[in-house]
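A structural walkthrough
Chain by chain, the residues:
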Amino acid sequence: MSVRLGLDKIKIKRRQAIDANKKADELNKVPQCAVSVCEILSYAVLPFLFMMAGAMPSAALFILPIILCMLFLLYRRFGLYLPVSCIVGYGAAALALNYDILTVIYAVTLFFAFCGLVLSAQMQSYLACAATAAVLAIVGAMSGVAIVRLAEDKPISDIAADYVMSEYNDPVIGFFARDYYEAVNLPEGETKLHKGDDGYMLAAASKLADWAGDEFGLYVWYYCIHYGAVFAAAAFFVANAISRRTASPRDVGSDEQELKLSTRALGGVRQPITSASEMKMPRAYLWTCVLPAAITAIATEFVGGYDALTSTVMHMFVTLPSAFTFFALMSFFASLFRGRARVAAYAVLFLLGISMVLFPIVLFIGSIVGICDCILNLRFWTRYIMED
């Protein structure tokens, strides 16, 4: 009896597999809309972004979110292999032609962050999607730093200081060195040089190197968490918008009607997809993340000597998730407008998102509003006022 039952289960699974293959073949034959010319032209931008990142790694940090978004677009259009090849090609070419420790970190981070985006697109819960994308991006950043630490065989503080001293002729590092040197207060007996004096750049680079050694020696994991999570969040919202506006025969739950209204896409995702305006943190987030992190911060403050740990814990469990909630809340407010006002609202939302990626103070202010949204449910009260 048990043998017959097992055979029946095998036959059922085979029939299901055959039916799934037939449905996939039928969906692949459905004609879809043509890809826009603007999107095709945008593909030409990606190689230049990679070349910029490889030629000037000190400035590449600002273009990594754009590259990550473009990689997901490539995945959605052409499948998994092309964007992975782009990442591998970027890392190999950049390290062979212009070796830099930052390129190692960027390449590893991009690979993990992209894998996190693709994996998150296969999940149904948007909180699980966002968490997966953020965690893998953070793991990638930490892995890149760990690889550099092992390769250089020196403490992180020495690596950061030596990098500034060896690359102070770089325009970006030179700018920060001059800016920091002009603002810093030197010890008594040490004369501050002026621009144009002999040894000015070397003195400026030396002071910046001292700061970099102290800062990254203590806060390197804080920066890995910050940039990994922020870049992943930016790419997650873009990937969510791309997935909602395209349909693929490989999507879970796709049908013929959706495919006819969409442009051709090969990389599969799970549908239905929650829009950014509908995303929010549940109130359980307040006592599962915010409260324990706050208690930990208060305890370490009393003990003393754990400033870096306190900042890292608060940033990871409070600031970043709350900022995610804030951006989703702003997306909700933008969706309330109609007509030309809606276009302007989304333009402001786009600029706000860029500001949150570039300026930590904007991210911090947004996180405060995000906590308020978790407590008060501002969406509910907004709809209540509008209905009245």
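Just so we're clear, the structure is a prediction, and the values are computed from it rather than from any experiment.

About the cut-offs
Residues numbered from 1 in each chain as written. Predicted model: local features only at pLDDT ≥ 70, side-chain atom pairs only at ≥ 80, totals over all residues. Heavy atoms only, no water. Helix = DSSP H or I, 4+ residues; strand = E, 2+ residues; numbered from the N terminus. Buried < 20%, exposed > 50% of the residue type's maximum accessible area, 1.4 Å probe, protein only. Contact = heavy atoms within 4.5 Å. Areas by Shrake-Rupley, 256 points an atom, 1.4 Å probe, with all protein chains shown as cover. Salt bridge = Lys/Arg side-chain N within 4 Å of Asp/Glu carboxyl O. Phe/Tyr/Trp six-rings, centres within 6.5 Å; stacked < 30°, edge-to-face > 60°. Patch = residues over 30% accessible without salt bridge, like charges linked within 9 Å, V, L, I, M, F, W, Y side chains within 5 Å. Core = buried A, V, L, I, M, F, W, Y, C linked by side-chain atoms within 4.5 Å. Axes fitted to C-alpha atoms, helices over the stretch in contact; angles between N-to-C directions. Parallel < 35°, antiparallel > 145°, perpendicular 65-115°, else oblique. Left-handed = near helix turned anticlockwise from the far one by under 90°. Nonpolar A, V, L, I, M, F, W, Y, C, P; charged D, E, K, R; others polar. pLDDT = per-residue confidence, 0-100.

**Some remarks on the overall build of the protein**
A count of helices and strands for the protein gives 16 helices and 0 strands. Counting only residues that meet the buried cut, the protein has 43% of its 388 residues in that class. Taking the intrachain contacts of the protein between residues at least 6 apart in sequence as the baseline, contacts between residues at least 24 apart amount to 72%. For the protein, the exposed area adds up to about 21500 Å²; of that, 67% sits on carbon and sulfur atoms.

**Considering the pattern of salt bridges**
Under the counting rule described, the total for this entry stands at 3 salt bridges. Residue glutamate 39 is joined to arginine 77 by a salt bridge in which the shortest nitrogen-to-oxygen separation is 2.5 Å. With a gap of 38 residues between them, glutamate 39 in helix H2 (residues 37-42) and arginine 77 in helix H4 (residues 64-78) connect regions that are remote in the sequence. When sorted by exposure, glutamate 39 lands in the same class as arginine 77, which is buried.

**A few points about the packing of aromatic side chains**
Taken as a whole and assessed by the stated rule, the structure comprises 22 aromatic pairs. Geometrically, the ring pair formed by tryptophan 211 and phenylalanine 216 is edge-to-face, given 6.2 Å between the ring centres and 85° between the ring planes. Taken together through their ring pairs, the aromatic side chains of Tyr180, Trp211, Phe216, Tyr219, Tyr222, Tyr223, Tyr227 and Phe231 make up a single cluster.

**Considering a nonpolar patch on the surface**
A surface patch of nonpolar side chains, about 1000 Å² in accessible area, is lined by Phe62, Phe350, Leu351, Ile354, Leu358, Phe359, Ile361, Phe364, Ile365 and Ile368. Tracing the backbone shows isoleucine 365 in helix H15 (residues 360-376).

**Some thoughts on the nonpolar core**
Ile67, Leu71, Phe72, Tyr90, Leu110, Leu117 and Phe236 are the most contacted members of the largest nonpolar core, which has 94 residues in total. Ranked by the residues each element gives to this core, the list is headed by helix H10 (residues 200-244), at 17 residues. Leave out the neighbours within four places in its chain, and phenylalanine 72 touches Phe114, Leu117, Ala121, Ala239, Ile242, Ser243 and Val269.

**Some remarks on the packing of helix H14 (residues 340-358) against H15**
Where H14 meets H15, the closest approach of the two axes is 5 Å, and the angle between their N-to-C directions is 110°. Looking at the two axes, H14 sits roughly perpendicular to H15. Crossing geometry of H14 relative to H15 is assigned as left-handed. Listed contacts from H15 to Leu352, Ser355, Met356 and Leu358 of H14 are Pro360, Val362 and Leu363. Classifying every residue of the contact of H14 with H15 by side-chain character gives 6 nonpolar, 1 polar and no charged.

**Thoughts on the confidence of the model for the protein**
Across the protein, the average pLDDT comes to 86, with 88% of residues at or above 70. When pLDDT is averaged over each helix and strand of the protein, the minimum, 54, is found for helix H1 (residues 2-28) and the maximum, 95, for helix H6 (residues 101-120). Scored below 50 in pLDDT, residues 16-20 makes 0 contacts in the model with residues more than four places away or belonging to other chains.

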